[in-house]
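Residue strings, one per chain:
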Amino acid sequence: MKKKKFFIIILCITLGILVLMITKSFAMQSYYKVDFQTGLVTATNLYVRSGPGTQFKIVTSVPKNQYIRVFAGVGDWYVVQVEGDYIGAVSKKYIKPIYPGTSNQGTSNQGTSTNTNNNTGTISTSMNNDEKVVYDLINKQRAQNGLSPLKENSELQRVARIKAQDMVNNNYFSHTSPTYGSPFDMMKSFKISYNTAGENIAGNSSNSGAVTAWMNSPGHRANILNSSFNQTGIGVVTGSKYGKIYVQMFIGK
């Protein structure tokens, strides 16, 4: 009888420990919404981990003053997407929320620049020389792979140029803009309709160099050779440490 009692006590203790562990495990997976989509890295070198805690493996790192996309919160951590299409978790104490329409003082090298908004009428919808060269090089790549050429979409062209200028003005290199959010958020705010969409960005000193870099990158190459895309807009703006900023937006209708 004593042995049976002892066994029951041990069993209860074991079950209690298991319940505690399971409860803790589920608590770690409790996500909550955040009221912003773009975050600015404030740490010198921020580690992105495979889970919300220092016990998880480091998958990549992001330098200070870079913008990242924030999806949700998990305890004291944010679930984020960073350059290179890495998805992971970062400590929220090293992320400054950036809300649409606000600027980040002190991170731009051009303090006199202003953000471009949806009502800007000074952005031309016709391609400049650099953009025309990139457009022709992209369609040459598609032709070599048996694909039809991308058609120029004048409104998408304007949006791509605005995005490129925004990258120069606000001194960042990311698909996520502190002004407009993700490429898809930006297209939506400019009333661009599509069935499928994508974006390539590059920093380079030459047009051919930018296209070559894209073609040597699997993700960028996939966008260029995506048969679902049939329209494009290309923005090339001189400036930044790279020499020029390149933005190509793709849509399929």
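About the thresholds
Residues numbered from 1 in each chain as written. Predicted model: local features only at pLDDT ≥ 70, side-chain atom pairs only at ≥ 80, totals over all residues. Heavy atoms only, no water. Helix = DSSP H or I, 4+ residues; strand = E, 2+ residues; numbered from the N terminus. Buried < 20%, exposed > 50% of the residue type's maximum accessible area, 1.4 Å probe, protein only. Contact = heavy atoms within 4.5 Å. Areas by Shrake-Rupley, 256 points an atom, 1.4 Å probe, with all protein chains shown as cover. Polar contact = N/O pair within 3.5 Å; in protein donor to acceptor, adjacent residues only side chain to side chain. Core = buried A, V, L, I, M, F, W, Y, C linked by side-chain atoms within 4.5 Å. Phe/Tyr/Trp six-rings, centres within 6.5 Å; stacked < 30°, edge-to-face > 60°. Pairing = 2+ DSSP bridges. Axes fitted to C-alpha atoms, helices over the stretch in contact; angles between N-to-C directions. Salt bridge = Lys/Arg side-chain N within 4 Å of Asp/Glu carboxyl O. Expected span 1.5 Å × (residues − 1). Arc of directions from axis to C-beta.

Caption draft 1: Spotlight on the overall build of the protein chain. A count of helical and extended segments in the protein chain gives 6 helices and 11 strands. Here the protein chain holds 253 residues, and 43% of them are scored as buried. Summarising the internal contacts of the protein chain: among those between residues at least 6 apart in sequence, 66% fall at separations of at least 24. Here the protein chain has roughly 13800 Å² of accessible surface; of this, 55% comes from carbon and sulfur atoms.

Caption draft 2: Representation of helix α5 (residues 207-215) in the model. Looking at α5, one finds that the buried residues are Asn 207, Gly 209, Ala 210, Val 211, Trp 214 and Met 215. Packed against the buried residues of α5 are α2 (129-144), β9 (196-204), α6 (218-224) and β11 (244-252). With a side-chain oxygen lying 3.0 Å from the backbone nitrogen of Gly 209, the N-terminal cap of α5 falls on Ser 206.

Caption draft 3: Focus on the nonpolar core. Grouped together as the largest cluster of nonpolar side chains are 24 residues, with contacts concentrated most on Val 247 and Met 249. Going through the elements one at a time, α3 (154-169), α4 (183-189), β9 and β11 are the ones with two or more residues in this core. Per-element accounting of this core gives the leading share, 7 residues, to α3. If we ignore the near neighbours within four places in the chain, the residues touching Met 249 are Leu 156, Val 159, Ala 160, Lys 163, Met 186, Met 187, Gly 198, Glu 199, Gln 231, Thr 232 and Gly 233. Core analysis: the next-biggest nonpolar cluster, separate from the first, contains 17 residues, Met 127, Ile 138, Ala 210 and Phe 229 among them.

Caption draft 4: Focus on the packing of aromatic side chains. Using the criterion set out here, one finds 3 aromatic pairs in the structure. Here the aromatic rings of Tyr 180 and Phe 190 are separated by 5.9 Å at their centres, their planes lie at 55°, and the arrangement is tilted. Here the residue Tyr 180 occupies a position in the loop between α3 and α4, and Phe 190 occupies one in the loop between α4 and β9, the gap between them amounting to 10 residues. Relative accessible area serves as the criterion here: at 9%, Tyr 180 is assigned to the buried category. Seen in terms of ring centroids, Phe 229 and Phe 250 are 5.4 Å apart; in terms of plane orientation they differ by 20°. Their pairing is stacked. Separated by 21 residues along the polypeptide, Phe 229 in the loop between α6 and β10 (231-238) and Phe 250 in strand β11 bring together distant segments of the chain.

Caption draft 5: Region of the structure containing the sheet that holds β11. Spatial ordering of the open sheet is given by β8-β10-β11-β9, a layout of 4 strands whose pairing is mixed. What marks the edges here is a single partner per strand, and that holds for β8 (151-152) and β9. Its contacts with the sheet place α2 against β8, β10 and β11, and it is angled at close to 140° to β10. Running over the sheet, α5 touches β9 and β11 and is turned about 125° from β9.

Caption draft 6: Spotlight on the pattern of salt bridges. Evaluation of the coordinates by the stated rule reveals 5 salt bridges. Ionic pairing is found between Asp 130 and Lys 244, a salt bridge with its closest N-O pair at 3.3 Å. Highlighted residues: Asp 130 in helix α2 and Lys 244 in strand β11, separated in sequence by 114 residues. The class for Lys 244 is buried, based on a relative accessible area of 17%. One salt bridge in this structure joins Arg 161 and Glu 131, with 2.5 Å as the shortest N-O distance. Placement of the pair is Arg 161 in helix α3 and Glu 131 in helix α2, with a sequence separation of 30 residues.

Caption draft 7: Inspection of α2 at higher detail. Over its 16 residues, α2 extends 23 Å from the first C-alpha to the last, a length consistent with the 22 Å expected when each residue adds 1.5 Å. All of the buried residues in α2 are Glu 131, Val 134, Tyr 135, Ile 138, Asn 139 and Arg 142. Considered in projection along α2, the buried side chains sweep an arc of 130° and stay on one side of the axis. Those residues of α2 that are exposed and angled more than 90 degrees off the buried face are Asn 129, Ala 143 and Gln 144. Contacts from the buried residues of α2 go to β8, α3, α5, α6, β10 and β11. Its side-chain oxygen 3.1 Å from the backbone nitrogen of Asp 130, Asn 128 forms the N-cap of α2. Count one or two residues on from α2 and you reach Gly 146, which has phi positive near 75°.

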